[in-house]
Amino acid sequence: MQWRNIVRLALAVLALAASPAAAADAPKVVRLQNGLTVMTIEDDRFPLVGVRLFVHTGSGYETPKQAGLSHLLEHMVFKSTAKRPAGQVASDIEGAGGELNASTSFDSTVYRVDLPADRWRLGLDVIKDMIFDAKFDPSELDSERQVVLSEIARGKDNPDNRLFQLTQSMAWPERPYGWPIIGFPETVSSFSDKDLRGYVAEHYQPQSMLLVVVGKVRADEVEQEAAALFGSLVNDRPIAPPAVYPLPAAVARPAVRVEYGQWGKVRLQVSFPTPGIRSADEAGLDILAKLLAGDETSRLYRTFKYDKQLVDDVSCASMTLERGGLFFIDATLDAKNVAAFWQGLLAELARLRGASFGDKDIERVKLGVEDSLYGAKETLAGLAMKAGYFRFYGYEPDGEANYLRAVRLVDQKALDAVIAATFRPQRMLTAVLVPKADEAVVTAAGLAEAAARLWPLPKDAAKAADAAAAKTATETIDLGSGRTLVLLPDATLPYVSMSMTYNGGDGLLAKDRQGLAELTAGCLTMGTTKLSTNALEDFLADRAASLSAASGRDSLTVTSRFPSRFQGDMYGLFADVLSAPAFLKTEVARQVKDQLAAIKSKEDEPMGLAFRRLFPFLFSDTAYAYTRLGDAATVRTFGPKDVAAFWSDQRARPWVLAVSGDFDPVAVRRMAEAVAKASGPVKPFAFATPRWGTNRQDAAVLPERRQTHLFMVFPVPGIDAPETPALHLLNDVLAGQSGLLFTRLRDGESLGYSVTSFLWQAKHAGFLAFYIGTAPEQADAALAGFRQVAEQLRTTPLPDELMTRAKSVMAGDYYRERQSLRSRSSEAAQSLAAGLPIDHDRQVVEAAQQVTAQRLQELAEKYLKPENAYLFSVKP
């Protein structure tokens, strides 16, 4: 797992965990006789259930020789069990319309099942079976070991992952937190089935586990079923709480580690050791991270990104674990800017005090934290993780309320204490990834010398202080002239989501103007004739609101989400952004710079490069053949006049505005009518039909990477074709952990860690793609595997169990994905803008339930012909 994902997961779970459950009943908690804790939350909003099993074991519980064993175990439990052959663990859940996954972190392993409410017992049965009745077959272990080794190699290609590994080894040398969760090739290669069994016996004690069930269930039935399935487990040894790591001693010189490689940008990570979970500083650290670099209104963003333009990106995060934590400051920038940024950052840290932040700024961030706490209440999956996190990590009984209370108490004085305890030069750790071409520009010695000079150690560092203190009918309104308003009321939460989709986007651009639609979308929210960029950012932050725009190949979408109590303000801002954007020269120049950085970043990552090159390879004309961000030389030429001219054309095209949540329909309609009037006479838009390319094979090269990424692309019809439901079903047959591609190429042949398929459809064109990330020497075998799967689908009718599974996956995915307000407003706006029914996605799901195995075979015979496929790869 990438370090950024680890930090974001910890922050997200903590944020989710601090919100009171609104529509759900209070948690009901019991402890079985063997010590296993069962927590049930009855919530009947959706016909779904979320099941989580938290286990106190992860990489932090391993010995050096066991590095990576927790993660390998997480993989192996998906294999054969005493009553399920390989693949059936996932197949049973997906066949019921559910999802099954697991994750390993430093302090825990979490098993996750989300499925229809009437199948919750199956979820408990599968979790119990896959862990405690796993066969750990040696041949399956050999196969999965290769998958994990491939995953280790893949992770080394990711700069964020590599950067965090450097920081880990500096912060926690010779400790479990100091090595990768995934382990090392030498340790993973050494594990046997005996090691796996021994690890389960030692760490999967019932006293160390928490079972969480949330959704449309009865607590007494859950408790009875849990006792029947897990009650026979016994504790055979005492479990001691993990020992907290002491904070590192002061160092005489700044600790800096630099690594050179084939990177496109410098990535710099500064970190400071902090206390772990449940510490008195936890809330203060979270607030401080957001004040420093949480969004566009934050101190470091405004200074180094907006004003001085020294960085492409700057962010902060506080990661708190059981045995300790780290406070991160991350920046991505060009090597030529490192010296100026480093000097400025050190000066900021040296003089930072609680009084550096105004009361308004602090209150804004606290409002944002409180706002994020409502996120868990939108989905049962979030609610399950929220409740489980606090219970599992010992925040009980009033952990949620206590954390929120601590957030509300943070003020300048509290921040001053947290800053004094955290930002100490003698404990600063700096890890840097530098392009090889810039070895002479950025060095460890140079950074260390500058740090010692600009932020010297205190004369008596040992005496620095060590402590401080979240139903009514749909209405579609034709506003005339190709403008449509959709109202989707839902008063469950006091929030509103708006999605506005215009026809156009790249489809309005000539070939030599590629990238202008995306640039305009980025500039659209950077100020109006009434509000500067900074004032607009402050306006949003003061209301815990979001506003963004993005361009597509045939559309441009503007979205916003905000608390209902601010809807009057937000409707006015939304209309101003659409009707009177500023497009100032300075702001357009900033966005050009950001887009150039994004282009370079995409080309520095295998999948980013793949998707920049894939569409121009597949199509020979129309906007579907464009690179979405454009090329650097063209983007550099764009200015305010280009952006304003494009927006003048774009805003005159047909649009659909969909609003979901707890809103005032009269106020919404008034705003929509004002926007329609300001848009002027409508200009028609025609969806293009692209020509397929004549070249059937192409490749891109990324030097010094370790994996080859392969795409086999089969042309299929567009989204309004009658074959679309069957195509979606075919894709679900192929994708997923129990799909044909995964079971054949990963489970069966261990050819790669990431194996899937995906379906892309525009109005008049589409494709179904097979994808795998594999070792270069296995690329030919992977392509042969693709061909064999296609041949199997063309010549052999699918068995009933695979058909049932795919249909259940489609239905389950649809209802899970549309729980949030934003997903519902986006679905309505995008469907109607494309000329489809407002419930097009639901109609596709329902139609797919009637598709037969013979129909899928006919579809495969027609479209899955390798001789007609396009082959694209990214090679090391």
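Numbering of residues starts from 1 in each chain and follows the order in which that chain's sequence is written. For a predicted model such as this one, the threshold for reporting local features is a pLDDT of at least 70, and the threshold for listing and counting side-chain atom pairs is 80 or more; totals across whole chains, interfaces and linings nevertheless cover every residue. As a rule here, side-chain values cover all heavy atoms of the structure and leave hydrogens and water aside.

**Student:** With reference to specific residues and values, describe the packing of aromatic side chains.
**Tutor:** Two rings belonging to Phe, Tyr or Trp (six-membered ring only in the last case) form a pair when the distance between their centres is within 6.5 Å. Interplanar angles under 30 degrees mark stacking, angles over 60 mark edge-to-face geometry, and anything in between is tilted. What the rule picks out here adds up to 38 aromatic pairs. On the basis of an interplanar angle of 80 degrees and a centroid distance of 6.4 Å, the ring pair of Phe132 and Tyr204 is categorised as edge-to-face. Residue Phe132 is located in helix H4 (residues 120-132), and its partner Tyr204 is located in the loop between helix H8 (193-203) and strand E6 (209-215); the two are separated by 72 residues in the primary sequence. Burial status follows relative accessibility: with a 1.4 Å probe on protein chains alone, a residue under 20% of its type maximum counts as buried, one over 50% as exposed, and anything between as partly exposed. By relative accessible area, which is 4% here, Tyr204 ends up buried. Ring centres 6.3 Å apart and planes at 35 degrees place the aromatic pair Phe615 and Phe619 in the tilted group. Classification of Phe615 as buried rests on a relative accessible area of 6%. Only DSSP runs of H or I reaching four residues or more are called helices, and only runs of E reaching two or more are called strands; each is numbered from the N terminus.

**Student:** Any details on the environment of Gly835? Residues and values, ideally.
**Tutor:** Of note, Gly835 is situated in the loop between helix H30 (821-833) and helix H31 (840-848). Since its relative accessible area comes to 57%, Gly835 is described here as exposed.

**Student:** Tell me about the packing of helix H19 (residues 533-542) against helix H20 (residues 567-579), and name the residues and values.
**Tutor:** In helix packing, the relevant descriptors are the interaxial angle and the interaxial distance, both defined with respect to the helix axes. Lines are fitted to the C-alpha atoms to define the axes, a helix being fitted only along its stretch in contact, and any angle between axes, read from their N-to-C directions, falls within 0 to 180 degrees. Remark: H19 packs on H20, axes separated minimally by 11 Å, with the N-to-C direction vectors making an angle of 150 degrees. Taken together, the axes of H19 and H20 lie roughly antiparallel to each other. Crossing hand, H19 versus H20: left-handed. Along its contact with H19, which presents Leu536, Phe539 and Leu540, the element H20 presents Asp569, Met570, Leu573 and Val577. Residue composition of the contact of H19 with H20, grouped by class: six nonpolar, no polar and one charged. For classification purposes, angles smaller than 35 degrees are called roughly parallel, those larger than 145 roughly antiparallel, those between 65 and 115 roughly perpendicular, and all remaining angles oblique. Helix crossings get a hand from a simple test, with the near helix turned counterclockwise from the far one by less than a right angle marking a left-handed crossing and a clockwise turn marking a right-handed one. Two residues qualify as a contact provided that any one of their heavy atoms is within 4.5 Å of a heavy atom in the partner residue. Each residue is assigned to one class: nonpolar for Ala, Val, Leu, Ile, Met, Phe, Trp, Tyr, Cys and Pro, charged for Asp, Glu, Lys and Arg, and polar for all the others, Gly among them.

**Student:** Please provide a residue-by-residue account of helix H26 (residues 724-734), values included.
**Tutor:** Note that an α-helix has 3.6 residues per turn; residues three or four places apart therefore point the same way. Extensive coverage of H26 is indicated by the burial of 10 of its 11 residues. Listing the buried residues of H26 in full gives Thr724, Pro725, Ala726, Leu727, Leu729, Leu730, Asn731, Asp732, Val733 and Leu734. Gly736, located one to two residues past H26, shows a positive phi value of around 90 degrees.

**Student:** Describe the pattern of salt bridges, and please don't skip the residues or the numbers.
**Tutor:** Side chains that differ in charge, positive against negative, can pair when their charged atoms come close. Every case where a carboxyl oxygen of Asp or Glu lies within 4 Å of a side-chain nitrogen of Lys or Arg is listed as a salt bridge. What the rule picks out here adds up to 59 salt bridges. Between Lys79 and Glu144 there is a salt bridge, with its nearest N and O atoms 2.8 Å apart. Here the residue Lys79 occupies a position in the loop between helix H2 (69-76) and helix H3 (88-95), and Glu144 occupies one in helix H5 (residues 138-155), the gap between them amounting to 65 residues. Notably, a salt bridge pairs Arg805 with Glu94, separated by 2.8 Å at the nearest N-O pair. Each member of the pair, Arg805 as well as Glu94, is classed as buried. One network of salt bridges, with partners in common, ties together Arg302, Lys360, Asp361, Arg364, Glu537, Asp538 and Asp542.

**Student:** Give me the lowdown on H5, citing residues and values where you can.
**Tutor:** A helix is expected to span 1.5 Å for every residue after the first. Here H5 contains 18 residues, and its C-alpha end-to-end distance of 25 Å stays within 8% of the 26 Å for a straight helix at 1.5 Å per residue. For H5, the complete set of buried residues consists of Glu140, Leu141, Ser143, Glu144, Arg145, Val147, Val148, Ser150, Glu151, Ile152, Ala153 and Gly155.

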